[in-house]
Amino acid sequence: MTTPVPLLPAPGHACWQRLVHTDDLDQHAHAQPDWALHYEQLSPGRFSGLVHHVQLPGTRLVHERCDLAVRQRGSLGAGHYGFAMPLHAGAQPAIFNGQRVDADDIMLGSAAELDLCTPERFSLVAVVVQAELLNPLWQQMYGRPPSAWMRSVS
C-alpha cells in the first residue's frame, strides 16, 4: 500500500495523493482514508482493483477500478456531495442506490449513504466535495442555493 504524499502546500489543509493496487476487498476499502466503506464480492474469482485518490482542500478526486462484480456500501462522510461517472461500464449496468447506471450517466448521491453494485471490469471517476465549499459557489454562479433535492443528499 502506498502512503499519502503531499502535493501542494495549503495552510490548514492536508493535500495528498494515493495510488493503491489491491488484491483483497478489505485492502481496497481501507485504501480509501476517512471513508467507512464495506465491499462484498458478487462474482467468483480472484479480486484485483485500483484506488487512486487526490485530496485537495475540500475536494477529493477519485479513480477506482474493480475487476470483479462488487457491492460497495458505506459512507464518505456527512456534509459532502458526490459526483461520479463510469469510465468503463462493463457488460452489465451498475446499480447506484437502486437506480440503473449506464455508460453516459452521472451518479449524484448522498455521501452519508452509499450503495453501489458494479459489474465485472468496472471503473469510475468521481469528485467528492464538501457542501460548505460547493454551496456558496453554486449561489454565486446561479443566484440561488442548490436545489432542495441536491441539498438533501449531503
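Residues numbered from 1 in each chain as written. Predicted model: local features only at pLDDT ≥ 70, side-chain atom pairs only at ≥ 80, totals over all residues. Heavy atoms only, no water.

**Q** Any chance you could explain the pairing of strand E1 (residues 16-22) here in plain terms?
**A** Looking down a regular strand, the side chains alternate between one sheet face and the other. Side chains of E1 alternate between two faces, with Trp16, Arg18, Val20 and Thr22 buried and Gln17, Leu19 and His21 left unburied. Pairing of E1 with strand E3 (residues 49-56) involves seven bridges; the strand directions are antiparallel. Looking across to E3, one finds that tryptophan 16 is bridged to glutamine 55. (Buried < 20%, exposed > 50% of the residue type's maximum accessible area, 1.4 Å probe, protein only. Helix = DSSP H or I, 4+ residues; strand = E, 2+ residues; numbered from the N terminus. Pairing = 2+ DSSP bridges.)

**Q** What's the story with the side chain of threonine 59 in this structure? I'm lost.
**A** Here threonine 59 shows up in strand E4 (residues 59-66). A relative accessible area of 15% means that threonine 59 is categorised as buried. Beyond its immediate sequence surroundings of up to four residues, threonine 59 is in contact with Val54, Val127, Val128, Val129 and Leu133. (Contact = heavy atoms within 4.5 Å.)

**Q** I would appreciate a short explanation of the packing of aromatic side chains in the present structure.
**A** One pair of aromatic rings is described through two measures. These are the centre distance and the angle between the planes. Using the criterion set out here, one finds one aromatic pair in the structure. Between arginine 60 and the ring centre of tryptophan 35, over which it is positioned, the NZ or CZ distance is 4.4 Å. (Phe/Tyr/Trp six-rings, centres within 6.5 Å; stacked < 30°, edge-to-face > 60°. Lys NZ or Arg CZ within 6 Å of the ring centre and 35° of its normal.)

**Q** When you look at the side chain of glutamate 64 in this model, what are you seeing that I'm missing?
**A** Along the chain, glutamate 64 turns up in strand E4. Within the local environment of glutamate 64, its side chain forms a polar contact with the side chain of histidine 28, the two groups lying 2.9 Å apart. In this structure, glutamate 64 is in contact with His28, Gln32, Tyr39, Leu50, Gln72, Phe122, Ser123 and Leu124, ignoring residues within four places of it in sequence. (Polar contact = N/O pair within 3.5 Å; in protein donor to acceptor, adjacent residues only side chain to side chain.)

**Q** Teacher, can you tell me more about empty space enclosed by the protein here?
**A** Over the atoms, a rolling probe the size of a water molecule traces out where space has been left empty. The final tally for this structure, using the stated rule, is two cavities of 30 Å³ or more. In this model, the largest cavity occupies a volume close to 230 Å³. In terms of lining residues, the largest cavity is bounded by 19 residues, among which Leu76, Ala84, Leu114, Ala126 and Val128 are the most central. Looking at side-chain class alone, the lining of the largest cavity contains 13 nonpolar, five polar and one charged residues. As for the second largest cavity, its lining consists of Tyr39, Glu64, Arg65, Cys66, Val70, Gln72, Leu116, Thr118, Phe122, Ser123 and Leu124. Its residues placed into classes, the lining of the second largest cavity shows six nonpolar, three polar and two charged. (1 Å grid on protein atoms, 1.4 Å probe; cavity = no way out; pocket = protein on both sides within 12 Å on 5 of 7 lines; lining within 4 Å. Points joined across faces, edges and corners; volume = space filled by probe spheres on them. Nonpolar A, V, L, I, M, F, W, Y, C, P; charged D, E, K, R; others polar.)

**Q** What am I meant to see in the sheet that holds strand E10 (residues 114-118) here?
**A** Within a sheet, adjacent strands bond to each other through the backbone by hydrogen bonds, running parallel or antiparallel. One open sheet accounts for five strands, arranged E2-E5-E10-E7-E8; its pairing is antiparallel. Both outer strands of the open sheet, strand E2 (36-41) and strand E8 (99-101), are each paired with one neighbouring strand and no more. Each adjacent strand pair in this sheet contributes to an overall mean axis angle of 20°, direction not counted. Alignment of E2 against strand E5 (residues 70-75), held across six bridges, turns out to be antiparallel. Bridging from a neighbouring strand, leucine 37 pairs with glycine 74 of E5. (Axes fitted to C-alpha atoms, helices over the stretch in contact; angles between N-to-C directions.)

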